[in-house]
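Summary of the model geometry
Below are the chains, spelled out letter by letter.
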Amino acid sequence: MLHPARLWKQLKNNKVQCRLCNHFCVIRPDDHGTCGVRQNVDGSLFTKTYDLVAAINIDPVEKKPMYHFLPGSETFSFGTQGCNFGCEFCQNASLSQHPKSGRAVTGQKATPETLVEAALAHNCRSISYTYSEPTVFFELMQDTAKLAHERGLKNIIVSNGFQSPECLEELSPLIDAANIDLKSFNNDFYKDICKGSLNPVLETLKHIKRLGWWLEVTTLLIPGKNDDISEIKNMAKFIADELGEEVPWHISRFHPDYMMQDLAVTPMKSLALARKAGTDAGLNYVYIGNVSDNESSATFCPTCKKEIISRFGFSMEEKGVENGMCKYCGTHANGVFEIKPA
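Residues numbered from 1 in each chain as written. Predicted model: local features only at pLDDT ≥ 70, side-chain atom pairs only at ≥ 80, totals over all residues. Heavy atoms only, no water.

Proximity of charged atoms lets side chains of opposite charge pair with each other. A full pass over the atoms with the stated rule returns 15 salt bridges. We note a salt bridge from Asp 51 to Lys 109, for which the minimum N-O separation is 2.7 Å. Here Asp 51, found in the loop between β6 (44-47) and β7 (52-53), pairs with Lys 109, found in strand β10 (residues 108-109); they are 58 residues apart in sequence, far enough to count as distant. Residue Lys 109 is classed as exposed on the basis of its relative accessible area of 57%. A salt bridge links Asp 181 to Lys 183; the nearest nitrogen and oxygen atoms lie 3.3 Å apart. Look at Asp 181 and you get partly exposed, because its relative accessible area is 24%. Given a relative accessible area of 10%, Lys 183 falls into the buried group. Each of Asp 59, Lys 63 and Lys 64 takes part in a single network of salt bridges with overlapping partners. (Salt bridge = Lys/Arg side-chain N within 4 Å of Asp/Glu carboxyl O. Helix = DSSP H or I, 4+ residues; strand = E, 2+ residues; numbered from the N terminus. Buried < 20%, exposed > 50% of the residue type's maximum accessible area, 1.4 Å probe, protein only.)

On inspection of all chains with the given rule, the structure shows 8 aromatic pairs. An angle of 50° between the planes, with centres 5.8 Å apart, marks the rings of Phe 185 and Phe 238 as tilted. With a gap of 53 residues between them, Phe 185 in the loop between β13 (177-181) and α5 (187-194) and Phe 238 in helix α7 (residues 229-243) connect regions that are remote in the sequence. Assessed through its relative accessible area of 10%, Phe 238 is described here as buried. Three or more aromatic residues joined by ring pairs form one cluster here, namely Phe 85, Phe 89, Phe 162, Phe 189 and Tyr 190. (Phe/Tyr/Trp six-rings, centres within 6.5 Å; stacked < 30°, edge-to-face > 60°.)

Turning next to the sheet that holds strand β11 (residues 126-129). If you trace the 8 strands from one edge of the open sheet to the other, you get β8-β9-β11-β12-β13-β14-β15-β16, paired in mixed fashion. The sheet is open, and its two edges are formed by β8 (55-60) and β16 (286-289), each paired on a single side. Shown here is a sheet whose adjacent strand axes are inclined to one another by a mean of 20°, direction ignored. Packing of helix α3 (residues 138-150) onto the sheet brings it into contact with β9 (74-79), β11 and β12 (154-159), and relative to β11 it is tilted by some 170°. (Pairing = 2+ DSSP bridges. Axes fitted to C-alpha atoms, helices over the stretch in contact; angles between N-to-C directions. Contact = heavy atoms within 4.5 Å.)

A word on the packing of α7 against helix α8 (residues 268-280). One way to put it is that α7 packs onto α8 with a least axis distance of 8 Å and a crossing angle of 35°. The way α7 lies across α8 gives a crossing that is right-handed. For the pair α7 and α8, the contacting residues are Ile 229, Ile 232, Lys 233 and Ala 236 in the first and Leu 273, Ala 274, Ala 277 and Gly 278 in the second. Of the residues belonging to the contact of α7 with α8, the class tally is 6 nonpolar, 1 polar and 1 charged. (Left-handed = near helix turned anticlockwise from the far one by under 90°. Nonpolar A, V, L, I, M, F, W, Y, C, P; charged D, E, K, R; others polar.)

Looking now at the pairing of strand β14 (residues 214-221). Burial of β14 is extensive: 8 of the 8 residues sit out of reach of the surface. Judged by which residues are buried, β14 turns out to be covered on both faces: Trp 214, Glu 216, Thr 218 and Leu 220 on one side and Leu 215, Val 217, Thr 219 and Leu 221 on the other are all buried. Bridge count between β13 and β14: 5 bridges; the pairing is parallel. Paired with Ala 177 across the bridge in β14 is Trp 214. Relative to strand β15 (residues 249-253), β14 is paired through 5 bridges, and the arrangement is parallel. Looking at β15, one finds that Leu 220 is bridged to Ser 252.

Okay, here's the thing in structure tokens:
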């Protein structure tokens, strides 16, 4: 069912321009934007995802991955179909790419009210807008996030970071934390493999830091595609210099999926070299994901170097952190560990 879209402008000849992301799609009557879920109907833009949720789960917040935002808590996670990227390695292609083939947008009926009530009923401390790209279900996210804040819940986005500045400003008072994919430090990778571009993502990351959201960054390391060590070092330097040494960086192991079924999993050596690049750049928290290695997912105090949070899969144990402080030396453990009273 069509719902009036937000963040767009009218053009001549009944065309419209969507202003949600950095594609800034100019859409002719009856056509759709790059995401496949926003349609021009008689010179007005509509969304097809406002009331259709295609995936919904109760997740550990560590699964997002968010290691420094309410660790140990559960987050109510949902997403719709559609995406403004076309990543050849997408692990949720059945959701993200489905509408681009011209097939009907599907999902279960939901409203912002029912989503917030479900989150509260399951004792979640946050809602995560995730699975596909939350930018393309902006209207549902915005309305749900407003209600979530009113009911004492926090809001998290898990995103490719291709939002327009206008979109980020609209979300500014509503979002509390973000995990943004920094897929590569090479624009050709973004253009050829993701159908996007690098620079807008870098600008989004810097914009998010200015907004004051808690930020974590994820990079899926793909053999022979984005694992050049010089590019990895440049990426680590960007995170440390432009975003801050306190920003956690999750380096995730690739497993064959979607259009990249012929590639091998990421070698542990490549993951270890990338992690070293991060620590050499001065980052305090560099993690390796999608591996069964507790040491590479543990949090160490940046001052005394003692282990303060242990992780086993998506479960965790606060060994040496209390009220957001290292028990051993008193250093502030960067992140959000408690919800402060309103």
